[in-house]
Amino acid sequence: MSHASAPVTAVTPGSHPLPSYLQADNLGPWGNYLQQVDRVIPHLGSLARWAETLKRPKRILVVDVPIHMDDGTVAHFEGYRVQHNVSRGPGKGGVRFHQDVTLSEVMALSAWMSIKNAAVNVPYGGAKGGVRVDPKTLSRGELERVTRRYTSEIGIIIGPNKDIPAPDVNTNEQIMAWMMDTYSMNTGSTATGVVTGKPVDLGGSLGRREATGRGVFTVGVEAAKHIELDIPTARVAVQGFGNVGGVAGKLFAEAGARVVAVQDHGGTIYREAGLDVPALLRHVAETGSVGGFAQAEVIANDKFWDVDCDILIPAALEQQITKDNAGRIKARMIIEGANGPTTPEADDILQERNVLVLPDVIANAGGVTVSYFEWVQDFSSFFWDEAEINARLVRIMKEAFAGVWLVAQDHKVSLRTATFIVACKRILHTRELRGLYP
Ligand SMILES: NC(=O)C1=CN([C@@H]2O[C@H](COP(=O)(O)OP(=O)(O)OC[C@H]3O[C@@H](n4cnc5c(N)ncnc54)[C@H](OP(=O)(O)O)[C@@H]3O)[C@@H](O)[C@H]2O)C=CC1
Ligand SMILES: O=C(O)CCC(=O)C(=O)O
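Cut-off values and rules
Residues numbered from 1 in each chain as written. Chains lettered and ligands numbered in written order. Predicted model: local features only at pLDDT ≥ 70, side-chain atom pairs only at ≥ 80, totals over all residues. Helix = DSSP H or I, 4+ residues; strand = E, 2+ residues; numbered from the N terminus. Expected span 1.5 Å × (residues − 1). Buried ≥ 20, exposed ≤ 12 C-beta atoms within 10 Å, placed from the backbone. Contact = placed C-beta atoms within 7 Å. Near = placed C-beta within 6 Å. Nonpolar A, V, L, I, M, F, W, Y, C, P; charged D, E, K, R; others polar. Domains from an automatic or database assignment. Core = buried A, V, L, I, M, F, W, Y, C linked by C-beta atoms within 7 Å. Pairing = 2+ DSSP bridges.

**A word on helix α4 (residues 140-154)**
Logical step 1: With 15 residues, α4 should reach 21 Å at 1.5 Å per residue; the first-to-last C-alpha distance of 21 Å fits that figure.
Logical step 2: Restricting attention to buried positions, one finds in α4 the residues L143, R145, V146, T147, R148, R149, Y150, T151 and I154.
Logical step 3: On its buried side, α4 packs onto β1 (59-68), β2 (74-85), β4 (126-132) and α5 (173-187).

If you want it as structure tokens, here you go:
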């Protein structure tokens, strides 16, 4: 991971010094988020006086997650749930299981959720959770115990009207089912609306699994029209071939684009004529990685950034596109499936090079949009068909993106700052309406 060099202000004029945990890790994702906020403040007019609230998570919970391992020992894992902002509604955002998860990373992810949820105008604040564990090293029983204990520990701050978790990296429908069941056991009645991304047979929504990738594709197609990029002849490179990258790659391939390169932990594969995406998805489902896929050549991981392509989709983790590789990227358009994949320094380099960046806070909002549909369906116990869900998703994504595009033109700013303008105005307007408790 690279570390951007711009300093982060620890003390805001006229305000109190930030708590120590907010000053930590200036150059990590939280530091990147703070720089993004600093870039939007000049565009907020009188609402800027509330901007300090964007720099401080509302509520942070750190929990110990002890479980019995299969060999009889007791292991302790560290878990987090951060509610960055709840001005517009309950907290909403995924849960990540990863060995490198840190509190400041979860703070950044929760803040990006506040921005994203406001950008597509769903009635939520922003939240995110994580457990510092490599789930690939756990048995199924151990994974279930980690999930249930973590859910019990954060149970004091989540709930259908308080904060609604969902899947993120290394979490899936089964984990959401265990979370829903644990919360329901602890509260005494079945509460389907406490998490989204559940199995369809348990109050989940049709289309949720594919929703983030579908949103990435939808926004990509809309943006391509503005820069006259022809999707059926485009070459696409994808980093991360899980829920988001896999579905986005599949939809671009179905639209005629050539997916020429894919990278995950197992390596980087390349095929100039285009990879057989359905076969690759089957291979990943069977083996867990793109590594060993026969119908492709293997290239060095670092060469991924040099691949000749028109569209690049980072769909893995934060801080992948940095000042060190931004100058090498050949794509005309980057669609951020991942959260926080581009550092502010890299953003500047890409803008100078005229590479269009569709930022995470709008490009990957399809997932939470269908999560919102799931939550609404659970409350009413009335379920919609997939065609209706996809049509509503596409409409929301297109409208939100069109609005952001206009703001970018008006203010002469990047699409990231434009999305922050739209979202921060909505968040801070509700902050102003609600006022401060004296
Ligand atoms: N799921 C969702 O609905 C949403 C997810 N996102 C974001 O999208 C991104 C991907 O999430 P999701 O698809 O759900 O997660 P998954 O766990 O389904 O997939 C993650 C993918 O990223 C790969 N990966 C992880 N680390 C690296 C690395 N260092 N280099 C290359 N590849 C890597 C994984 O490979 P391997 O399996 O080999 O480790 C896997 O292919 C995250 O940033 C997430 O926050 C954003 C909005 C919604
Ligand atoms: O579906 C959700 O609630 C949130 C998904 C998520 O974590 C994200 O958009 O990053």
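**Examining the site of ligand 1**
Logical step 1: The local shell around ligand 1 holds 25 residues, among which G240, G242, H265, A338 and G367 are the closest.
Logical step 2: Counting only elements with at least two residues in the shell around ligand 1, the list comes to α7 (243-254) and β7 (258-264).
Logical step 3: A breakdown of the residues in the shell around ligand 1 according to their chemical character gives eight nonpolar, 15 polar and two charged.
Logical step 4: Counting contributing residues, the shell around ligand 1 receives three or more from each of domain 1 (57-192) and domain 2 (209-358).

**Some remarks on the nonpolar core**
Soluble globular proteins tend to pack their nonpolar side chains together in the buried interior.
Logical step 1: Ranked by size, the top nonpolar core spans 118 residues in total, and within it A119, V236, L358 and I362 carry the most contacts.
Logical step 2: The element contributing the most residues to this core is helix α3 (residues 103-119), with ten residues.
Logical step 3: Counting only domains with at least three residues in this core, you end up with domain 1 (57-192) and domain 2 (209-358).
Logical step 4: Ignoring sequence-local partners within four residues, the contact set of I362 consists of A119, V219, A400, F401, V404 and T419.

**A few points about the pairing of strand β5 (residues 163-167)**
Logical step 1: Along β5, five of the five residues are buried, which leaves the element largely enclosed by surrounding structure.
Logical step 2: Where strand β3 (residues 91-98) meets β5, five bridges bridge the pair, whose relative direction is parallel. When the sheet's bridge partners are listed, G91 is paired in β5 with D163.

**So, the domain arrangement of the protein**
Logical step 1: Segmenting the protein into domains produces domain 1 (57-192) and domain 2 (209-358).
Logical step 2: Its C-alpha centre places domain 1 at a distance of 27 Å from the equivalent point of domain 2.

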